[in-house]
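# Summary of structural features
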Amino acid sequence: MKKNNSLLYLLLICLVALPNGLFAQSLETSFFEEQNTSSFAVFFKKNTTYQARAQFSIGGSTPLGIPAQIREINSYNPTLQLGLEVNATKWLTDTHRWGIRTGLRFEGRGMRTDARVKNYYTQIDGDDGKQTKGYFTGNVKTKMKNSYITFPVLAVYQVNENWNIYGGLYLSGLIDKDFTGYVYNGVLREGNPIGTPVEFQDGAKGEYDFSSDLNRFQWGTAWGFEYKVNDHLRLFSDLNWGLNNLFKKDFEAISFSMYSIYLNVGFGYQF
């Protein structure tokens, strides 16, 4: 009987202790979850600034140096290229001297050019869908209008309370593309510089479309500065210099590499 009573007492003690133990464990779990959530929130709030930006861009896609085939630039129009960006800067110290900035930018890159060329290797699309490659001497008009989503990773340095400078790398993905144009007032020799001549005179044009040959990804370096007008308004300017070819590796209709080089100017609102 005493043995049964002892077992009964032990069972009662367990039943009383179990809810208390579970409650204590629940409190401990909730405490650590709250602590982790709090630390996560602090990371994105403490020494972190956020900006929304708007910009316009001046530049184009160009070879580095003027190739011998291009004899004269008749005209150049950067066209209206706009961009919108949101970014965050995580400052590494309470003094906000050094920081790391990243974000997302939707931007346009484009231009219109007219050039006089000699023995310029290119590809012309015929009315029947046939493509003719050869060396053209005459005038070439080009229109480029592309849209990108860009992911910058930049180091930011606060020079003083009004000026920041920044620099780093960017990666851009092509989301909309248009690289077209035509040749006119000249002669295309098929295959080689002494091949069969095809004349484009008296308003005749030889059109081309290299949109599908554009590189899907562009990457490069960016350097710039920003000026603090007040607690929220910022003015900025930066240079984006592409480091890979505008076109795919197997593209042969233009014999030289082209790189995207743009100067961005705009304003931002810091939250």
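In the block above lies the structure referred to throughout.
Summary of the structure given here.

The rules behind these values
- Residues numbered from 1 in each chain as written.
- Predicted model: local features only at pLDDT ≥ 70, side-chain atom pairs only at ≥ 80, totals over all residues.
- Heavy atoms only, no water.
- Core = buried A, V, L, I, M, F, W, Y, C linked by side-chain atoms within 4.5 Å.
- Buried < 20%, exposed > 50% of the residue type's maximum accessible area, 1.4 Å probe, protein only.
- Helix = DSSP H or I, 4+ residues; strand = E, 2+ residues; numbered from the N terminus.
- Pairing = 2+ DSSP bridges.

Before going further, it helps to spend a moment on the nonpolar core. Ranked by size, the top nonpolar core spans 26 residues in total, and within it F179, F210, L246, F247 and I254 carry the most contacts. Mapped onto this core, the elements with two or more residues apiece are strand 4 (98-125), strand 5 (131-158), strand 7 (179-190) and strand 8 (197-209). The element contributing the most residues to this core is strand 4, with five residues. Core analysis: the second largest hydrophobic core is formed by seven residues, W91, Y166, A222 and F236 among them.

In this sheet, strand 3 (residues 81-91) lies alongside strand 1 (residues 48-62) in antiparallel orientation, the contact comprising ten bridges. Paired with S57 across the two strands is Q81, which belongs to strand 3. Alignment of strand 1 against strand 11 (residues 259-270), held across twelve bridges, turns out to be antiparallel. When the bridges of strand 11 are listed, T62 appears paired with Y259.

Right, let's get into the pairing of strand 7. Here strand 5 pairs with strand 7 via ten bridges, running antiparallel. In the strand pairing of strand 7, N139 is matched with Y184. Pairing of strand 7 with strand 8, which is carried by nine bridges, proceeds in the antiparallel orientation. Along strand 8, the bridge assignment pairs Y184 with K205. Between strand 7 and strand 8, which pair antiparallel in sequence order, lie six residues; one of them, G191, sits at a positive phi of approximately 80 degrees.

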